[in-house]
Structure formats: C-alpha cells, structure tokens
Amino acid sequence: MTDAPKVSIVLPFHNSESTLEKAIQSIVGQFFIDFELLLIDNRSTDGSSAIAEEFSKRDSRIQLITENQIGVVFAANNGMSKSRGDYIARMDADDISLPNRIRDQVKVLDTQPEIGLVSGQVRYAGDDSNGGFVRYVHWSNGISKEEELYLNQFVEYPIVNPSIMFRRELYEKYGGYEDGSFPEDYEFFLRLQSYNIRMTKTDSVVLEWNDLPHRLTRTSDKYTQEAFFKIKAKYLAKWLKKNNPRHPRVMIWGGGKLARKRSKYLQQYGIVIDSFIDVRKSNKPELIYYKDFDLFKSAFILSYVSSWDARDLIRSFLNEHACIEGKDYLICG
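It should be emphasised that the depicted structure is a prediction, and the values quoted were computed from it without experimental measurement.

Participant: I'd like a description of the sheet that holds strand E10 (residues 272-278), backed by residues and values.
Facilitator: The 5 strands lie next to each other as E11-E10-E9-E12-E13, forming an open sheet whose pairing is parallel. Whereas interior strands pair on both sides, the edge strands pair on one side only; in this sheet they are strand E11 (287-289) and strand E13 (329-331). In this sheet, neighbouring strand axes are inclined to one another by 30° on average, regardless of whether the strands run parallel or antiparallel. Direction of pairing for strand E9 (residues 249-253) relative to strand E12 (residues 301-303): parallel, over a ladder of 3 bridges. When the sheet's bridge partners are listed, Ile-252 is paired in E12 with Leu-302. Contacting E9, E12 and E13, helix H12 (residues 308-320) runs over the sheet at an angle of about 165° to E13.

Participant: Which residues make up the pattern of salt bridges, and what values do they have?
Facilitator: One pass over the full model with this rule turns up 23 salt bridges. Between Arg-311 and Glu-156 there is a salt bridge, with its nearest N and O atoms 4.0 Å apart. In this pair, Arg-311 is assigned in helix H12 and Glu-156 in the loop between helix H6 (146-151) and strand E7 (165-167), connecting sequence segments 155 residues apart. Residue Arg-311 is classed as buried on the basis of its relative accessible area, which comes to 3%.

Participant: Go over a negative patch on the surface, please, and point to the residues and values.
Facilitator: Together, Asp-3, Asp-34, Asp-86 and Glu-169 make up a negatively charged patch on the protein surface. Structurally, Asp-34 is set in the loop between helix H1 (20-28) and strand E2 (35-41). Owing to a relative accessible area of 38%, Asp-34 belongs among the partly exposed residues under this scheme.

Participant: Talk me through the pairing of strand E3 (residues 62-66); I want residue IDs and the actual numbers.
Facilitator: Where E2 and E3 come together, 5 bridges link them in parallel fashion. Looking across to E3, one finds that Asp-41 is bridged to Thr-66.

Reading guide: rules and limits
- Residues numbered from 1 in each chain as written.
- Predicted model: local features only at pLDDT ≥ 70, side-chain atom pairs only at ≥ 80, totals over all residues.
- Heavy atoms only, no water.
- Pairing = 2+ DSSP bridges.
- Helix = DSSP H or I, 4+ residues; strand = E, 2+ residues; numbered from the N terminus.
- Axes fitted to C-alpha atoms, helices over the stretch in contact; angles between N-to-C directions.
- Contact = heavy atoms within 4.5 Å.
- Salt bridge = Lys/Arg side-chain N within 4 Å of Asp/Glu carboxyl O.
- Buried < 20%, exposed > 50% of the residue type's maximum accessible area, 1.4 Å probe, protein only.
- Patch = residues over 30% accessible without salt bridge, like charges linked within 9 Å, V, L, I, M, F, W, Y side chains within 5 Å.
- Areas by Shrake-Rupley, 256 points an atom, 1.4 Å probe, with all protein chains shown as cover.
- Lys, Arg positive; Asp, Glu negative; His and termini not counted.
- Charge placed at Lys NZ, Arg CZ, Asp CG, Glu CD.

This is the structure we're talking about:
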C-alpha cells in the first residue's frame, strides 16, 4: 500500500488463538473499507501468530507487527507508531466490531471537527456471574453525550476502550499509552480530558465486548478499584485546581473507611479535606450529617461513595438543593 488510509485500526494480541480470527473478520467485514489493520503480536506462543500471518497474506490492508516487550501498552504504542491513518481506532482480540462501526465513527469525526475522540454503544457478551460488568456496560451506554462524559470522567472510565477512535494529531501531540501501576486506557482518557479534548459517542452499537475470564481487566492489578482511584486522584487534583473556586479545600461525601482511605490519595496532591459528609449522625467533629445542609452548602463536594444506587441518590439530593454538577460538586466514586 502506498496511499495512506483514512483509518488505522490497532489490534494487539497475545495468545488469542480462540478469538483472534473472529475479531479480524469483524474488521475485514466493515462497511467502511479505507483502513489498515495493524496486528501486533505480543510474543504469542499459541497459534495466534499463524492466524494473523494468514490474514496479512490474503489482505494487503492487514499488516503483522511483532512487539517483544510484553504488555498491551507496548504493543498498542508500537502499532500507533506505525499507523498512517488520519484516525486511529483501537480493537482487542477478544471483541467483535459490528459492520457499521468504522463507518459511523468516521462520519462523526468527519462532520464534527470539534470532536477529538468518538466511541459508541457497546453490547456485552461476556461471562459475568455477579452482574458487575453488565451493570457497568449499562451505565457506560447511558453516558454518551459530550457533557455527560465530561461530568462522569471521575466516576470511572465511561468508555469501553476497544470501541474508541481518535484523531491521529492527539497521539502526535499528547502521546500514546503510559506504562505504570494504573489502567493505561483510563489514564489516556483522563489525560485527553485534562487537555479539554472533546469526546462523544455514536448512537449506534459499534462493539460486542467479550469480557472473558482471562482478560487483563479481570486478572491484572492495574485494573483494581484501588488502581482506578489512585490515577483518578492525579487528574482530579488538576481538575480541582482549575475549577474549584475554593481550591484547595473540599468536602468528601462518604464517611466510611473506604471513602476516607481513597480520599487520602487526593491529599498527596495538596488537596485539603475539611470534613466528611455522612448519612449517619455522629459525634466525631470531622463528620457532618447530610441533612445539615447549611453546614456544607458553600463547600465544593466530592462524592466518594461507590454504591451504584447511592451515587444517584447523592446526585439527586444535591441537585434538589440547587447545587450544580461540575460547579458545586462532582461524583467521583
């Protein structure tokens, strides 16, 4: 191929023999055909490499690359460094891109030059015995517009990463994934948000997300809740410096041990916690009962309560008391 394609799709894989062929076929079968597919073999020891090599021989748009340093960060960055498209899309070896995916996302970036990154709706197809991932996908699909993504950036990652497409100039200006003791995809998202990169989602379903038991999101310490709270503290502190009129002082909604522990990560970045808001009355001076609204109505509030139901109740309570999300409070758990 001599002419640069419109889209570069970066697909790292490691020992994905059972799923890789279907993942590749889902890209080959896209309605939009002006793309290159970069398959990055991250030291596979099963039949994955042979599958990828066979596809690269049959389709000139497909290129097989080898990355010897183990880790999705290194494999994905290798692929992005060799990409040539105007837009870069991510894809994982466990997933299926629906035929409309690339077409729909290209349309958004072509017609909305202010948008830097686009995702889309996701269909969950994994094995989720406790319902947590199903609930996450349902929540993520409900966070689709630009303002919603912005306001929910510190709740957790509101985008399923292998569904993203972004302008290559973002990669050239802000870099690719960073390696560390944190989820590299969430860090990348927060980094772009910190530079005010505008994001949205398509209304269409673009990906079938097969969150299988061996996936890194289930097995690696980089994707634990504590890892998420540690990296979000770094970028939340930056956000507060720019947007909290009472900086560096905040109040934390959540008086339990877990909320207190996680809020300490913020203190490492100079954030001062005046007190904690709790749903229980207490004689402890640092705890404020949530119905005593006058005691904290002038504070900037960060909700560190992780319960799904409690999150909505806290938001409703603060909205009913004329607090504005993003101006007077943020949901961060």
